[in-house]
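# A closer look at the structure
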Amino acid sequence: MFRRTFIIVALSVMPGIYLAAAELKDDRCLKNADIARSIMEMRQKGVSAVDQIKLLRDYFEKPKPFEGFVEVAYRFPIYETESMRSMVVKEFENTVWRACRESMDESKAKNK
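Quick summary incoming for the structure in this document. (Residues numbered from 1 in each chain as written. Predicted model: local features only at pLDDT ≥ 70, side-chain atom pairs only at ≥ 80, totals over all residues. Heavy atoms only, no water.)

## Some thoughts on the pattern of salt bridges
This model, assessed by the stated rule, comprises six salt bridges. A salt bridge links E67 to R57; the nearest nitrogen and oxygen atoms lie 2.8 Å apart. With E67 in helix α4 (residues 64-73) and R57 in helix α3 (residues 49-59), the pair connects residues that are ten residues apart, well separated along the chain. Among the ionic pairs, E67 bridges to K64, the shortest N-O distance being 3.6 Å. On the criterion of helical spacing, the pair formed by E67 and K64 is a turn pair, its members being three residues apart in helix α4. Since its relative accessible area comes to 60%, K64 is described here as exposed. Salt bridges here are not isolated pairs; linked through shared partners, they connect D34, R37, E41 and E93. (Salt bridge = Lys/Arg side-chain N within 4 Å of Asp/Glu carboxyl O. Helix = DSSP H or I, 4+ residues; strand = E, 2+ residues; numbered from the N terminus. Buried < 20%, exposed > 50% of the residue type's maximum accessible area, 1.4 Å probe, protein only.)

Next comes the structure, spelled out in structure tokens:
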């Protein structure tokens, strides 16, 4: 309870810019994770890597980072069971989210 109260109080007195930066960090990483999930879901359904790259290039102005997600996703096989497909989709999504968060934390530390 103390920790929760401390966090709420700390957030309420922080300057708005820090809250906005944290929100942007969460938004970017969550969006990356969503895109990664979609890419792996399509991989597990048998959509070709080329079709995924074309889709990314049609949809995003700067698709290069997401093309990297495609390259990694296609290193995984198409799993036979729905439970295995679901597991690899979740793991891929979580891995991209975690890597994004860690990258942003490292970038923030370097800029101090």
